Amino acid sequence: AQSVSQHNHHVILSEAASLELGCNYSYGGTVNLFWYVQYPGQHLQLLLKYFSGDPLVKGIKGFEAEFIKSKFSFNLRKPSVQWSDTAEYFCAVNVNSSASKIIFGSGTRLSIRP
Amino acid sequence: DSGVTQTPKHLITATGQRVTLRCSPRSGDLSVYWYQQSLDQGLQFLIQYYNGEERAKGNILERFSAQQFPDLHSELNLSSLELGDSALYFCASSVGQGATGELFFGEGSRLTVL
């Protein structure tokens, strides 16, 4: 069965530090990949997505993610975090053969110290 | 505001009881998805409906059922509740059947089973 792994459950950083959140998926075929963010007290919203083409994807608020097919990874990065980035981040995968079934990882809670 | 409305926001009930969670999708969205988020797990995909018909099924227990009505709102019915059913239940919607992966989430219904 397809699965998504986010190994970092809780990451604590200081403002201006660089961020990288790991995401690995298990599926050998074509996938669409996503990062969602949930700010405190708010609903989940799409941060960025990868379907095809350039494996480096730019999202909102300065986030980017790189798809590395050989490593089955789609890590999220930001060069310099802000306090307002405090949130929970979810990686998700959509297997093309099952367009309706979007599988989410367990999430990574990011806390930024001001 | 994502445009997806979930009611109730909070619900406290006892073991063995039955509850119904309601979701109104964004205007124009035909797909509705249900996810369960518990403390030790990520977002578990339960079920998806598209234009009134079931499209995909995930880890949904037999005690749980859902439907989508002609006006496109959806209800998730949870019966014979157990302590382990305590969780945050999210509804999401999308225009199509989910291939693009862009889901719009509600704020969730927090169920506490005592």
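Up top you'll find the structure we're talking about.
Residues numbered from 1 in each chain as written. Chains lettered and ligands numbered in written order. Predicted model: local features only at pLDDT ≥ 70, side-chain atom pairs only at ≥ 80, totals over all residues. Heavy atoms only, no water.

### Focus on the sheet that holds strand S3 (residues 19-24) of chain B
Two pairing modes exist for strands in a sheet, parallel and antiparallel, and in both the strands are linked by backbone hydrogen bonds. Residue and element names in this part refer to chain B. Taken together, four strands build an open sheet; the order of strands is S1-S3-S8-S7 and the sheet is antiparallel. Since the sheet does not close on itself, it has two edges, and those belong to strand S1 (5-7) and strand S7 (64-68), each with one partner. With direction set aside, neighbouring strand axes in the sheet form an average angle of 15 degrees. One ladder, built from five bridges, connects S7 with strand S8 (residues 74-78); its direction is antiparallel. Paired with glutamine 67 across the strands is glutamate 75, a residue of S8. (Pairing = 2+ DSSP bridges. Helix = DSSP H or I, 4+ residues; strand = E, 2+ residues; numbered from the N terminus. Axes fitted to C-alpha atoms, helices over the stretch in contact; angles between N-to-C directions.)

### A closer look at the interface of chain A and chain B
Each partner contributes to the interface: chain A provides 18 residues, whereas chain B provides 24 residues. At the boundary of chain A with chain B, total buried surface from both sides reaches about 1700 Å², with 58% on carbon and sulfur atoms. Our count for the contact surface shared by chain A and chain B stands at one salt bridge. The salt bridge involving glutamate 102 of chain B is made with lysine 49 of chain A; its shortest N-O contact spans 3.8 Å. Summed over the shared surface of chain A and chain B, the number is three residue pairs in polar contact (both at pLDDT 80 or more). Among the elements of the structure, strand S5 (31-38), strand S6 (45-50), strand S10 (87-95) and strand S11 (102-104) of chain A are those that each provide at least two residues to the side of chain A that touches chain B. Of the residues assigned to the side of chain A that touches chain B, the class counts are nine nonpolar, seven polar and two charged. (Contact = heavy atoms within 4.5 Å. Buried area = accessible area lost by both parts, 1.4 Å probe. Salt bridge = Lys/Arg side-chain N within 4 Å of Asp/Glu carboxyl O. Polar contact = N/O pair within 3.5 Å; in protein donor to acceptor, adjacent residues only side chain to side chain. Nonpolar A, V, L, I, M, F, W, Y, C, P; charged D, E, K, R; others polar.)

### Some remarks on the side chain of serine 74 of chain B
Residue and element names in this part refer to chain B. Mapped onto the fold, serine 74 is located in strand S8. The exposure class of serine 74 is buried, given its relative accessible area of 0%. Among the polar contacts made by the side chain of serine 74, one reaches the main-chain carbonyl oxygen of glutamine 67 at a distance of 2.9 Å. Those residues in contact with serine 74 that lie beyond four places of it in its chain are Leu21, Arg22, Cys23, Val32, Trp34, Gln67 and Gln68. (Buried < 20%, exposed > 50% of the residue type's maximum accessible area, 1.4 Å probe, protein only.)

### Description of the layout of surface pockets
Approximately 670 Å³ is the volume attributed to the largest pocket. Every residue lining the largest pocket is counted, 28 residues in all, and those nearest its centre are Gln38 and Glu88 of chain A together with Gln37, Leu88 and Arg110 of chain B. Elements with a contribution of two residues or more to the lining of the largest pocket: S10 and strand S12 (108-113) of chain A together with strand S9 (87-94) of chain B. By residue number, the principal contributor to the lining of the largest pocket is S10 of chain A, which donates three residues. For the lining of the largest pocket, the per-class residue count stands at eight nonpolar, 14 polar and six charged. Reported here for the second largest pocket is a volume of approximately 270 Å³. In this structure, the second largest pocket is lined by 15 residues; those nearest its centre are Gln2, Ile103 and Phe104 of chain A together with Gln44 and Asn59 of chain B. Put simply, the parts of the chain that give the lining of the second largest pocket at least two residues each are strand S1 (3-5) and S11 of chain A together with strand S5 (43-50) of chain B. Top element by residues in the lining of the second largest pocket is S5 of chain B. It accounts for three residues. (1 Å grid on protein atoms, 1.4 Å probe; cavity = no way out; pocket = protein on both sides within 12 Å on 5 of 7 lines; lining within 4 Å. Points joined across faces, edges and corners; volume = space filled by probe spheres on them.)

### What to know about unusual backbone geometry
All names here are of chain B. Cis peptide bonds are those with omega within 30 degrees of zero, and the linkage from threonine 7 to proline 8 qualifies with -10 degrees. Structurally, the position occupied by proline 8 is in the loop between S1 and strand S2 (10-13). Even without glycine at this site, asparagine 51 takes up a positive phi of about 50 degrees. If you trace the backbone, asparagine 51 turns up in the loop between S5 and strand S6 (53-57). Among the residues examined, asparagine 51 registers a relative accessible area of 48% and is labelled partly exposed.

### Some words on the nonpolar core
Ranked by size, the top nonpolar core spans 30 residues in total, and within it Leu33, Trp35, Leu47, Leu48, Phe74, Leu76 and Tyr89 of chain A carry the most contacts. A per-element tally of this core places S10 of chain A first, with five residues. Counting residues in hydrophobic clusters, the runner-up holds 20 residues, among them Trp34, Leu81, Ala87 and Leu111 of chain B. (Core = buried A, V, L, I, M, F, W, Y, C linked by side-chain atoms within 4.5 Å.)

### Comments concerning the side chain of glutamine 38 of chain A
Positionally, glutamine 38 of chain A belongs in strand S5. A relative accessible area of 14% means that glutamine 38 of chain A is categorised as buried.

Don't take any of this as a statement about function, it's just geometry.
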